Amino acid sequence: MKTLSWKPISVLVVIAAAVIFVLPTIRPGMWPHKKINLGLDLQGGMHLVLEVDTDKAVEDTIERLAQELRASLRKERVRVHSIDRVEKNRIAVRIQGEENIAKFNKLLDEEYKDIRLAGTNEAGDIQTFKLDLPDDEVEHIKKLAAEQALETIRNRIDQFGVNEPDIRHQGEKRILIQLPGIKDTKRAKELIGKTALLEFKLLDEAGDISAALKGDIPPGTQLLYETKEDLSTNRTTKTPYLVKKQALLTGAYLTDAKVQIDSQYNEPYVSIEFDKKGGRIFAQITGENVKKRLAIVLDDKVYSAPVIQEKITGGSARITGNFTADDAHDLAIVLRAGALPAPVNIIEERTVGPSLGADSIRKGLISMCLGGIFVVLFMIVYYKGSGIIADIALILNILIIAGGLAGFQATLTLPGIAGIILTIGMAVDANVLIFERIREEMSLGKTPRAAVDAGYSRASLTILDANVTTLIAALVLFQFGTGPVKGFAVTLSLGVIASLFTALVLSRTIFEYFLVYRKVKSISI
Amino acid sequence: MQFIKPGININFIGRRKIAFIVSLAMILITIASLIFHGGPRLGVDFAGGTVIQVKFDSPVAIADVKPALKSIEIGTSSVQEFGAAKENEYLIRADSSTALTEDMQQNIEQALQKATGQKAQIRRVDMVGPQVGQDLREKALLAMFFALLFITIYISGRFELKWMLSGVMAGALMLAVYVLTIFEVSIPYLMIAAVFVTLILFWFLELKYAMGAIVALIHDVTITVGIFSIFDKEFTLPIIAALLTIIGYSLNDTIIVFDRIRENLRKHHKQPLDVILNTSINETLGRTILTSLTTLIVLITLFVLGGGIIHDFAFAMIIGVLVGTYSSIFVASPILLAWQNRGK
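What counts as what
Per-chain numbering applies: the sequence of each chain, read as written, is numbered from 1 onward. Working convention: letters from A go to chains and numbers from 1 go to ligands, in the order in which they are written. Local features in a predicted model are, by the rule used here, given only for residues with pLDDT of at least 70; side-chain atom pairs are given and counted only at 80 or more, and totals for whole chains, interfaces and linings are based on all residues. Exposure is read from a count of other C-beta atoms within 10 Å of each residue's own; the residue is exposed at 12 or fewer, buried at 20 or more and partly exposed in between. C-beta atoms are placed from the backbone. Contact definition: two residues whose C-beta atoms, as placed from backbone geometry, lie within 7 Å. Where helices and strands are cited, they refer to DSSP runs of H or I of at least four residues and of E of at least two residues respectively, numbered from the N terminus. Each residue is assigned to one of three groups, with Ala, Val, Leu, Ile, Met, Phe, Trp, Tyr, Cys and Pro labelled nonpolar, Asp, Glu, Lys and Arg labelled charged, and all others, Gly among them, labelled polar. A pair of strands counts as paired when DSSP detects no fewer than two bridges linking them. Interaxial angle, 0 to 180 degrees, is taken between N-to-C directions of lines fitted to C-alpha atoms, where a helix line uses only the stretch in contact. Comment on the angle field: the value is read as roughly parallel under 35 degrees, roughly antiparallel over 145, roughly perpendicular from 65 to 115, and oblique elsewhere. In this scheme, a helix's expected span is set at 1.5 Å multiplied by one less than its residue total. One axis is fitted to the seven residues ending at the residue and one to the seven starting there. The bend at that residue is the angle between these axes. Domain segmentation is taken from an automatic or database assignment of domains.

Asks: How should unusual backbone geometry be read in this particular structure?
Replies: Trans peptide bonds make up most of the peptide bonds, and negative phi angles are found at most residues other than glycine. Residues and elements named next belong to chain A. Even without being glycine, aspartate 300 reaches a positive phi, approximately 65 degrees. A positive phi angle, near 55 degrees, is found at glutamine 409, a position not held by glycine. Judged by the 12 C-beta atoms lying within 10 Å of it, glutamine 409 is exposed.

Asks: Is there a simple way to think about the interface of chain A and chain B in this case?
Replies: Note: interface size is frequently given as the accessible area lost on complex formation between the parts. Across the contact, 59 residues belong to chain A and 53 residues belong to chain B. Every element with two or more residues in the side of chain A that touches chain B is listed here: helix H6 (185-193), strand S18 (344-352), helix H10 (354-407), helix H11 (414-443), helix H12 (448-480) and helix H13 (483-517) of chain A. Each residue belonging to the side of chain A that touches chain B can be placed in one class, and the counts come to 34 nonpolar, 13 polar and twelve charged. Relative to strand S4 (residues 121-128) of chain B, S18(A) runs antiparallel, the two sharing five bridges. Note that in S4(B) the partner of Arg350(A) across the bridge is Asp126(B).

Asks: I'm lost on the packing of helix H5 (residues 130-160) of chain B against helix H7 (residues 187-205) of chain B in this one. Help?
Replies: Packed helix pairs are characterised by how far apart their axes lie and by the angle those axes make with each other. Residue and element names in this part refer to chain B. Interhelical geometry of H5 versus H7 gives an angle of 10 degrees and a closest axis separation of 10 Å. Regarding the angle of H5 to H7, the classification is roughly parallel. Counting all contacts with H5, which are made through Glu138, Leu141 and Phe145, the residues of H7 involved are Ile187, Pro188, Met191 and Ala194. A per-class count over the contact of H5 with H7 returns six nonpolar, no polar and one charged.

Asks: Help me understand the sheet that holds strand S14 (residues 268-274) of chain A in this model?
Replies: Working definition: the strands of a sheet are paired by backbone hydrogen bonds and lie parallel or antiparallel to each other. All names here are of chain A. What the three strands build is an open sheet, ordered S13-S14-S17; its pairing is antiparallel. Strand pairing shows two members of the sheet lacking a second neighbour, strand S13 (254-261) and strand S17 (316-319), which therefore form its edges. Taken over all neighbouring pairs, the strand axes of this sheet differ in orientation by 25 degrees on average, direction set aside. Where S14 and S17 come together, four bridges link them in antiparallel fashion.

Asks: Help me understand helix H10 (residues 273-305) of chain B, please; the structure alone is not making it clear to me.
Replies: Across its 33 residues, H10(B) extends 46 Å between first and last C-alpha, which sits within 8% of the 48 Å expected from 1.5 Å per residue. The sharpest bend along H10(B) measures roughly 50 degrees and falls at Thr284(B).

Asks: What is the right way to read the sheet that holds strand S3 (residues 89-94) of chain B from this model?
Replies: Here eight strands make up an open sheet; going across it, the order is S7(A)-S8(A)-S2(A)-S18(A)-S4(B)-S1(B)-S3(B)-S2(B) and the pairing antiparallel. The sheet is open, and its two borders are formed by strand S7 (166-170) of chain A together with strand S2 (76-82) of chain B, each paired with just one other strand. Here the average twist between neighbouring strands, direction ignored, is 20 degrees. With six bridges joining them, S2(B) and S3(B) adopt antiparallel strand pairing. Bridge assignment links Gln80(B) to a residue of S3(B), and that residue is Leu91(B). Contacts from H5(B) reach strand S2 (45-52) and S18 of chain A together with S4 of chain B, with the element oriented near 70 degrees to S18(A).

Asks: Got a minute to help me understand the domain arrangement of chain B in this structure?
Replies: Assigned domains of chain B: these are domain 1 (13-43 + 132-343) and domain 2 (54-125). On a C-alpha basis, the centroid separation for the pair domain 1 of chain B and domain 2 of chain B is 39 Å.

Asks: Sorry if this is basic, but what is going on with the domain arrangement of chain A here?
Replies: Domain parsing of chain A yields domain 1 (2-42 + 353-517), domain 2 (56-133) and domain 3 (198-325). The straight-line distance from the C-alpha centre of domain 2 of chain A to that of domain 3 of chain A is 32 Å.

Shown next as structure tokens:
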């Protein structure tokens, strides 16, 4: 009798807990607990894996260092032959004359302690210094780039407005993004993938653009294009511009960007505001370059190149270009969220439309119900009265899996539904093992009570052994799997644990209730 | 109702030579099919590339779809029907693995609409870059290997109380695999080598039950892979999930027979091993068939009604359950006899 007392209580507790967790899914808002999470493959949405080009971030740092070095060498009046970025991540400085070399070394020691001397070589009286960054500094830059990229993307997605996005690091330089229920996937991809580096660069109006188009680009300048699409004729025009490489001002000084409508042409544009320092720089550039053309460049594309009419002091500017309202809205978002520290590439994309997700749920539920009914009927036919006990266990099993999914806030995916359906087939196994044992014991002439006891005690260990191995496979799967497959591992694990409980505790309680309390003399098996 | 009458005694062990030939033949066919097809047919998850699932209002001819996509540079390699016929869904497989840009997606929809005269709706896009594909491939193989390894530790521990021995062995194997992956040894060969080393170790350390179980598992997975290859079906992530579940399921069956063997060895220790094996298989036969049957019932409903994505998964599981049931009777137990013959 002692063994009986804890079992019904635990059964009731488990049922109650499962019901509490499952109810909000069936009737939303019953109590504050959350619904069962549906995976992207069931509710529709987009799964992206981005790779941050962290090598580019290192290159950019080196390029910036080279520029700084050039400026400070000029300031210190050290005469150098050339400063170039070589082998992607190195700066080669060619210097002539002992006095210059000594000054250069002094400058390095005093102001550029972080730079590593990768090698020197002499050719005549010209000495070439190769400089680069120490390995741990390079690692740090890469790590920082990956982190900043994630933060920037999170900002952009938050401003775009997606319900419960999931954004996280995956390995060193990958970012996993899950956007459930998103409809305009193309727009989201553009928003996420855009580097959004805004630069203001002067046009090189003296340069020969037709020579540049043939490949003869003057040093210190670059060839960039402005693409215009005429919405009425569907034709695009590409205008080349020769601009100076050096960016006079970048988007780093922005405090705000918003969409406004031009009252004259009724076209949307993005107005941007600089912070104090940015405003000062902007006023200075515009003041010094009146009547010259200033190109507004975003990710190496020229948006416009207006002529500066007068010094602009207000600390604000506007970006035009024939935008649609959505384009302008998204551009404002990426400008507000800031530029990515390095370009990103989409290396994995999985998109599921909402109608497909709904179809999957419907099909999953239909096969679950049908498969379940078949198994339930089969058990009744094969084991009669005891089959009903197994069926009760089976139904409770599904309830526990659902409760577990809600309780642990795990995600239900399409393979996950398959996992539940599979569990329906496999869960009866534990009961089958027990029933077969009971039949064996009864054929040896034992009383029902003794046969049930023997059946359970003999079958329990077997059931445990058999299920632990399935659990091992499921846990490995959980560790390895991504998204949908992980969902399968979750439901399979929950199913195994639930079937252990229902077979060893629940169905035994029912048997004992009939045999001990109701003093039933024979069992239908 | 009872399928298997108590006291039944089919001589399974006596027919182990026939079973051995059957198994060997199936494994050879698997290898032949894999060689013929140039290895398993990998889906985009593992090979990289793009899959686009399109739905039309009424059936269209695949012959119309393919040329329509020629003009769009996505490198279309195949177009096939997907799911039930009445759904009018098609899978377009492309080798290109660059994210579909706005224009691309629109172009595809327009090109399809023009070629078939029907509205085409893109329902699903899966794009996997080559690097991600390779990562997933390696992860999948490692997962299968580790699942096997952990399971054998458990079996050796539970059935022969050799926790330490099997634990140390598994630890050494894991370390070796880990070290070799650092040296970038090609993962598939590494796994095959590791499995062979494991089998040889089991043999000499006389981890009988673990050996029986793992041989049965490798047998099941190999044959399932072989049948997949014969039907020229694709290996995707859900299929790996199915293979791991087959490992779990087949082992479930095997352990239940082993458990009975262990019990009978204690009860009738005077009887020869082959008789005990046979009795144990017969005693558990009812359960083996019944559980396989209920599992097959639900798998068949999934296969028929579950929709395109689940279809192949259910197919793999159905094969796995059938082969797994066969192997727990005809493969796992006879292996226990191997050491008996060696002693003589």
